[in-house]
Number of protein chains: 2
Amino acid sequence: MYIEIDFDSEEAYYMQLRNRIIEGIATGRIIEGEALPSVRKMSEDIGINMHTVNKAYTLLKDEGFVKVDRRRGAVVSVDSDHILDINRLKKELNITIAGASCKGISRDELITIVDEILKEYGGEV
Amino acid sequence: MYIEIDFDSEEAYYMQLRNRIIEGIATGRIIEGEALPSVRKMSEDIGINMHTVNKAYTLLKDEGFVKVDRRRGAVVSVDSDHILDINRLKKELNITIAGASCKGISRDELITIVDEILKEYGGEV
DNA sequence: GCGGCTGTTATATATTCTATATAACAGCCG
DNA sequence: CGGCTGTTATATAGAATATATAACAGCCGC
């Protein structure tokens, strides 16, 4: 589990960690059923506080990417509530696409970018 | 210019205002060349502090949605640097799509959502 | 020039968020 | 029991957010 935190970034550490883990799951680098390093080990590995790691894990749990097992710790387990997921996605994409539309980015360009990103993540099983 | 701030939202006021204005430009409710209400008037209209409005206007200026004219105030003037815009868009979409991919949302569903949103904003001139 | 309108800047204050630190607790396993 | 989980509690520091009051510089119409 190689994760790096950019200490110069303006993005919160716990958010960076959460994002790297989601990316890891999406690329298949981290797989369903795999246990994340314990909050203490992860905090040592990447050089941030234990509570900051815990905050990221708790967020991932709340967002349905991880389940907590008393013994094994935070285990990757993606919980999909399709309708809810779709609605959240719409909200997230709304402003981004509004801005892109103002800037004159075309539908084709948008789709191209989506496909580019999906090439990284959609990785056919 | 009817804009409402959700005081119960966890989203920062200045960010809400910035987003409502971008949506307004995207839908055509606010048009290129139009002056936004002065920071003082806007702050009265929507019930937040003048400095918070100023922060939103300054952000919109930095993001290239608005230019400041000494007399007329903040005037809608979208500045497009296509390559830069595309790169910013990629970054913004990256995590969102990674999460969607984890949740099993298909390419078709993604495109459908993008098109739904574009129907609001892409509004053929 | 004066009054009135712009955005902008300066100070100060309160609250919340982020991050760290130290410490302890409950649960489970070998 | 010792060692590993996540979790909680408390305290502290700094940054971000939001408000308040006040003032400044620039430009217009009168």
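Residues numbered from 1 in each chain as written. Chains lettered and ligands numbered in written order. Predicted model: local features only at pLDDT ≥ 70, side-chain atom pairs only at ≥ 80, totals over all residues. Heavy atoms only, no water.

### Side note on the pattern of salt bridges
Argument step 1. Within the structure shown, the criterion is met by 10 salt bridges over all chains.
Argument step 2. For Asp45(A), the salt bridge is made with Lys41(A), and the minimal N-O distance between the two is 2.8 Å. One end of the pair, Asp45(A), and the other, Lys41(A), are both in helix α2 (residues 39-46), 4 residues apart, so they sit about a helical turn from each other.
Argument step 3. A salt bridge links Arg107(B) to Asp115(A), with the nearest nitrogen and oxygen atoms 2.6 Å apart. (Salt bridge = Lys/Arg side-chain N within 4 Å of Asp/Glu carboxyl O. Helix = DSSP H or I, 4+ residues; strand = E, 2+ residues; numbered from the N terminus.)

### Let's talk about the packing of aromatic side chains
All names here are of chain A.
Argument step 1. The tally for this structure, following the rule as stated, stands at 2 aromatic pairs over all chains.
Argument step 2. Plain terms: the ring middles of Phe7 and Tyr13 are 5.4 Å apart, the flat faces sit at 85° to each other, and that makes the pair edge-to-face.
Argument step 3. Judged by relative accessible area, which is 43%, Phe7 ranks as partly exposed.
Argument step 4. Residue Tyr13 is classed as partly exposed on the basis of its relative accessible area of 33%. (Phe/Tyr/Trp six-rings, centres within 6.5 Å; stacked < 30°, edge-to-face > 60°. Buried < 20%, exposed > 50% of the residue type's maximum accessible area, 1.4 Å probe, protein only.)

### Quick look at the side chain of Asn19(B)
Argument step 1. With respect to the helices and strands, Asn19(B) occurs in helix α1 (residues 13-27).
Argument step 2. Looking at Asn19(B), its side chain comes within polar contact range of the side chain of Arg18(B), at 2.6 Å.
Argument step 3. Not counting residues up to four positions away in its chain, the partners in contact with Asn19(B) are Ile95(A) and Glu11(B). (Polar contact = N/O pair within 3.5 Å; in protein donor to acceptor, adjacent residues only side chain to side chain. Contact = heavy atoms within 4.5 Å.)

### Notes on the environment of Glu34(A)
Residue and element names in this part refer to chain A.
Argument step 1. By the secondary structure assignment, Glu34 is in the loop between α1 (13-27) and α2.
Argument step 2. Expressed as a C-alpha distance, the spacing of Glu34 and Ser77, which sit 43 residues apart in the sequence, is 8.3 Å.
Argument step 3. Leave out the neighbours within four places in its chain, and Glu34 touches Met1, Arg29, Ala74, Val75 and Val76.

### Concerning the packing of α1(A) against helix α3 (residues 50-62) of chain A
Residue and element names in this part refer to chain A.
Argument step 1. It is at 8 Å that the axes of α1 and α3 come closest, and there the two elements cross at 50°. The angle between the axes of α1 and α3 places the two elements in the oblique class. Between α1 and α3 the crossing geometry is right-handed. Where α1 approaches α3, its residues Tyr13, Tyr14, Met15, Leu17, Arg18, Ile21 and Ile22 are matched on the opposing element by Thr52, Val53, Lys55, Ala56, Tyr57, Leu59 and Leu60. (Axes fitted to C-alpha atoms, helices over the stretch in contact; angles between N-to-C directions. Parallel < 35°, antiparallel > 145°, perpendicular 65-115°, else oblique. Left-handed = near helix turned anticlockwise from the far one by under 90°.)

### A look at the protein's contact with DNA strand D
Argument step 1. Near DNA strand D, the surroundings consist of 24 residues, among which His51(A), Lys61(A), Tyr13(B), His51(B) and Arg71(B) are the closest.
Argument step 2. If you look at DNA strand D and keep only atoms within 4 Å of the protein, 65% of those are sugar or phosphate atoms.
Argument step 3. Contact between DNA strand D and Ser38(A): a phosphate oxygen at 3.0 Å from a side-chain N or O atom of the residue.
Argument step 4. The separation between a phosphate oxygen of DNA strand D and a polar main-chain atom of Val39(A) is 3.1 Å.
Argument step 5. Elements supplying a minimum of two residues to the surface near DNA strand D: α2, α3 and β2 (73-76) of chain A together with α1 and α3 (50-62) of chain B.
Argument step 6. Class assignment of the residues belonging to the surface near DNA strand D gives a composition of 9 nonpolar, 7 polar and 8 charged. (Near = heavy atom within 4 Å. Nonpolar A, V, L, I, M, F, W, Y, C, P; charged D, E, K, R; others polar.)

### Quick notes on the protein's contact with DNA strand C
Argument step 1. Taken together, 25 residues lie around DNA strand C, and Tyr13(A), Asn49(A), His51(A), Arg71(A) and His51(B) are the ones closest in.
Argument step 2. Protein-proximal atoms of DNA strand C, defined as those within 4 Å of the protein, fall in sugar or phosphate at a share of 65%.
Argument step 3. Measuring from a phosphate oxygen of DNA strand C, one finds a backbone N or O atom of Asn49(A) at 2.9 Å.
Argument step 4. Within the side chain of Arg40(B), one N or O atom sits 3.0 Å away from a base oxygen of DNA strand C.
Argument step 5. Among the elements of the structure, α1 and α3 of chain A together with α2 (39-46), α3 and β2 (73-76) of chain B are those that each provide at least two residues to the surface near DNA strand C.
Argument step 6. Residue contributions to the surface near DNA strand C peak at 5 residues, all from α3(B).

### Things to note about the relation of the copies chain B and chain A
Argument step 1. For the pair chain B and chain A, the superposition axis carries a translation of 0.0 Å, the fit reaches an RMSD of 0.0 Å, and the rotation angle comes to 180°. Accordingly, the operation relating the two chain copies is best matched by a two-fold axis. Taking C-alpha positions as reference, the residue of chain B nearest the rotation axis is Ile111(B), located at 3.5 Å.
Argument step 2. The fraction of interface residues of chain B whose copies in chain A are also interface residues reaches 100%, indicating that both copies meet through the same surface. (Least-squares fit on C-alpha atoms with pLDDT ≥ 70 in both.)

### A short note on the interface of chain B and chain A
Argument step 1. Listed by partner, the interface residues are 44 residues for chain B and 44 residues for chain A.
Argument step 2. Summing both partners gives a buried area of about 4,000 Å² for chain B against chain A, and 71% of it is carried by carbon and sulfur.
Argument step 3. The interface formed by chain B and chain A holds 4 salt bridges in total.
Argument step 4. Connecting chain B to chain A are 21 residue pairs in polar contact (both at pLDDT 80 or more).
Argument step 5. At the level of elements, α1, α4 (82-102) and α5 (107-121) of chain B are the ones that each hand at least two residues to the side of chain B that touches chain A.
Argument step 6. By residue number, the principal contributor to the side of chain B that touches chain A is α4(B), which donates 16 residues.
Argument step 7. Taken together, the residues of the side of chain B that touches chain A sort by class into 21 nonpolar, 10 polar and 13 charged. (Buried area = accessible area lost by both parts, 1.4 Å probe.)

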